[in-house]
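# Architecture at a glance
So the chains spell out like this:
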Amino acid sequence: MDKNKQAMVMKKVERTMQALAKNRIPAVYAPTSAEAVKVVESMMKEGDTISCGGTVTLRETGIRDLMQSGKYHFLDREAMDPEEVYAKTFAADVFLTSANAITEEGQLYNVDGRGNRVAALIYGPKKVIVVAGVNKIVRNVDEAILRVKTTAAPPNALRQDMGTPCQSLGACVGTKGEMCAGCSHEKRMCCHYVVTSWQKTERIHVVLVGEELGY
Ligand code: SF4
């Protein structure tokens, strides 16, 4: 990344972190994935029961390796019955996930299929750690909606070979960002649209990573 682009990204990061703090969502910045692993490690205690949503970011940063290190009681849906994991996650000490977008106005935007990820984000686990690359920062919720429909969903559908319109067309059927437009495909990934704008207790924490991560 050249110097000018780097400076612009850092301004966006600062605006976003300030706005998140205003909305009672504490945020820290980690310049690299390696730093992000250390930050996340400092936010969890050995022996904690931990769980996570389906996310490419945790794998790319190396945070999933930390989760699997044996220091924690990891409810791993790749190694256990997923339904059992979803139920037990509500009583977990820590839930880790990414976000589909984070706005410069201090909101988290997430779109979910089953709903287990956004459910645990909203309620249940004592602490939630949201790890996201700087590529997830957008100006506002309208841009967040558009980001999912044009940037996040198509490669995600392709990765899982969902056969949805966003896979075959390269963007959602509603490319203008309309909230209600979507497909009628049986494998539709977008069922629950959640904007997190404020929290009453400081349960959700954000780690912004200075790299492009996930979708
Ligand atoms: S609503 Fe359907 S086509 Fe649109 S992004 Fe979601 S899965 Fe893809």
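The nonpolar side chains of soluble globular proteins are, as a tendency, buried together. Grouped together as the largest cluster of nonpolar side chains are 53 residues, with contacts concentrated most on Ile63, Leu96, Val130, Val131 and Val206. The element that contributes the greatest number of residues to this core is helix α7 (residues 141-160), accounting for six residues. Beyond its immediate sequence surroundings of up to four residues, valine 206 is in contact with Leu20, Ile25, Ala27, Ile102, Val130 and Ala132.

Spatially, six strands are ordered β1-β10-β7-β4-β2-β3 in an open sheet, and the strand pairing comes out parallel. Pairing within the sheet leaves two strands with one partner each, and these edge strands are β1 (27-30) and β3 (73-75). Between one strand axis and the next, the sheet turns through 25° on average, direction left out of account. Of the strand pairs in this sheet, strand β2 (residues 49-52) and β3 are connected by three bridges, and their pairing is parallel. For threonine 49, the partnering residue across the bridge sits in β3 and is histidine 73. Sheet strands in contact with helix α2 (residues 33-42) are β1, β7 (127-133) and β10 (204-209), and its direction is about 160° off that of β10. With respect to the sheet, helix α5 (residues 82-89) is in contact with β2, β3 and β4 (94-97), its orientation differing from that of β3 by roughly 120°.

Taken together, 14 residues are adjacent to the ligand, and Cys166, Cys172, Gly182, Cys183 and Cys190 come closest. Of all the secondary-structure elements, those providing two or more residues to the shell around the ligand are α7 and α8 (165-169). A per-element tally of the shell around the ligand places α7 first, with three residues. For the shell around the ligand, the per-class residue count stands at nine nonpolar, three polar and two charged.

Cut-off values and rules
Residues numbered from 1 in each chain as written. Predicted model: local features only at pLDDT ≥ 70, side-chain atom pairs only at ≥ 80, totals over all residues. Core = buried A, V, L, I, M, F, W, Y, C linked by C-beta atoms within 7 Å. Buried ≥ 20, exposed ≤ 12 C-beta atoms within 10 Å, placed from the backbone. Helix = DSSP H or I, 4+ residues; strand = E, 2+ residues; numbered from the N terminus. Contact = placed C-beta atoms within 7 Å. Pairing = 2+ DSSP bridges. Axes fitted to C-alpha atoms, helices over the stretch in contact; angles between N-to-C directions. Near = placed C-beta within 6 Å. Nonpolar A, V, L, I, M, F, W, Y, C, P; charged D, E, K, R; others polar.

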